[in-house]
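Coordinate analysis (summary)
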Amino acid sequence: MVKILKNPEEVGLEAARMLTRQLIHKPNSAVALPTGSTPLKMYKAFVKFTEFEIVELEDVHFFNLDEYVGLTKDDPISYAYYMNVNLFSRIGKVNHDIPRTDAADSEKEALEYEEKIRRAGGFDLCFLGIGIDGHIGFNEPGTSFSSVTHVAKLHSSTIERNSKLIGKVVPKKAITVGIKTIMNSRRIVLMATGIEKSKVMLQFLLGDVTPELPASVLQLHPKVTILLDEEAADKIKSNASEFHLINP
Ligand code: PGA
């Protein structure tokens, strides 16, 4: 299902509602969380919802989708730091995992992370952003659809964009949950906002299913919700006659 909302705030709000509903329905859910600029609004809205104290957070298990390789623990570039600042320090103690950026052996860390996800029973709900090259997590174009959690080499365009966003050069490698791990989620929510995502949304929703555009694999998942703001939906709306085929 594709939902077109007015602006990034509305996208964040709707994503936070979906997370809250999931945790009311199943308090011991395993939930995968993304980083980047898009989910910030979702975290802000979710923090507000937790203040109503209608969700129990004791039994939830949050997993981050990815983490850079080779930083020191607590480095402000790390996603562990990002998650702490934007969510975890604001909602009290919760069970959350993220690959260790400072692991001595990152390949081994990736395998152990996959095992942790497996032991949690896989993701009940997986939130995703999308890169302008169609990546999900840090699964860059060309990543096998059968990949599980692994060490990924980031594309120069991803490094450039992410470095620009935080004003510091980010590492060239990351540990990312694999595409198969994502596809094993019982439910997936992908968020995209801003005009720079409008082209990739068209390719993703109406193009072929191909590892060259990792997000396209989601066309094969039975329970995906796509939350777009007006700008990210710009190109699919002008292809409305084809669009209705995927949004009956
Ligand atoms: P963004 O990143 O939210 O900063 O656009 C999305 C992604 O790269 O997955």
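Here's what I pulled together on the structure shown here. (Residues numbered from 1 in each chain as written. Predicted model: local features only at pLDDT ≥ 70, side-chain atom pairs only at ≥ 80, totals over all residues. Heavy atoms only, no water.)

We now examine the nonpolar core. Residues Leu33, Phe62 and Phe127 are the most contacted members of the largest nonpolar core, which totals 40 residues. Taken together, the elements giving at least two residues each to this core come down to helix H1 (8-25), strand E2 (30-33), helix H2 (40-50), helix H3 (79-86), strand E6 (125-128) and strand E9 (187-192). The contact partners of phenylalanine 62, leaving out residues within four places of it in the chain, are Leu19, Leu23, Val31, Leu33, Phe46, Phe88, Ile91, Val94, Asn95, His96 and Asp97. Counting 33 residues, the second largest nonpolar core, distinct from the first, contains Leu128, Val177, Ile188 and Ala192. (Core = buried A, V, L, I, M, F, W, Y, C linked by side-chain atoms within 4.5 Å. Buried < 20%, exposed > 50% of the residue type's maximum accessible area, 1.4 Å probe, protein only. Helix = DSSP H or I, 4+ residues; strand = E, 2+ residues; numbered from the N terminus. Contact = heavy atoms within 4.5 Å.)

According to the stated counting rule, one finds nine aromatic pairs in the structure shown. Between tyrosine 68 and tyrosine 79 the ring centres are 4.8 Å apart and the planes differ by 35°, which places this aromatic pair in the tilted class. In this pair, tyrosine 68 sits in strand E4 (residues 66-68) while tyrosine 79 sits in helix H3, placing the two residues eleven residues apart along the sequence. Residue classification places tyrosine 68 among the buried residues on the basis of a relative accessible area of 2%. Relative to tyrosine 82, the ring of tyrosine 79 has its centre 6.2 Å away and its plane inclined at 75°; by these criteria the two rings are edge-to-face. In this pair, tyrosine 79 and tyrosine 82 are both assigned in helix H3, three residues apart and thus about one turn of the helix distant. (Phe/Tyr/Trp six-rings, centres within 6.5 Å; stacked < 30°, edge-to-face > 60°.)

Glancing now at the site of the ligand. Every residue near the ligand is listed here: Gly36, Ser37, Thr38, Gly129, Ile130, Gly131, His135, Arg161, Leu165 and Lys197. With respect to the ligand, the side chain of threonine 38 contributes an N or O atom lying 2.5 Å from an oxygen atom. Separating an oxygen atom of the ligand from a side-chain N or O atom of histidine 135 is a distance of 2.7 Å. When the ligand sits alone it has 280 Å² of accessible area, and the protein chains cover 92% of it. (Near = heavy atom within 4 Å. Polar contact = N/O pair within 3.5 Å; in protein donor to acceptor, adjacent residues only side chain to side chain. Areas by Shrake-Rupley, 256 points an atom, 1.4 Å probe, with all protein chains shown as cover.)

As a further point, take the sheet that holds strand E8 (residues 173-176). Read from one edge of the open sheet, three strands run E4-E8-E7, paired in antiparallel fashion. The sheet is open, and its two borders are formed by E4 and strand E7 (150-153), each paired with just one other strand. Sheet twist, expressed as the mean angle between neighbouring strand axes with direction ignored, is 30°. Both E7 and E8 contribute to a ladder of four bridges, which runs antiparallel. (Pairing = 2+ DSSP bridges. Axes fitted to C-alpha atoms, helices over the stretch in contact; angles between N-to-C directions.)

Before going further, it helps to examine the pattern of salt bridges. Oppositely charged side chains can pair when the atoms bearing their charge come close. The final tally for this structure, using the stated rule, is eleven salt bridges. Linking lysine 116 and aspartate 97 is a salt bridge whose minimum nitrogen-to-oxygen distance equals 3.1 Å. Here lysine 116 is found in helix H4 (residues 106-119), whereas its partner aspartate 97 is found in strand E5 (residues 95-97), with 19 residues between them in sequence. Looking at aspartate 97, the relative accessible area reads 15%, which means it is buried. Note that arginine 186 is salt-bridged to aspartate 124, the shortest N-O span being 2.9 Å. Of this pair, arginine 186 sits in the loop between helix H6 (179-183) and E9 while aspartate 124 sits in the loop between H4 and E6; the two residues are 62 residues apart in sequence, bridging distant segments of the chain. Taken together, the shared-partner salt bridges connect Lys3, Glu14 and Arg17 into one network. (Salt bridge = Lys/Arg side-chain N within 4 Å of Asp/Glu carboxyl O.)

As far as function goes, none of this settles anything; it's purely spatial.
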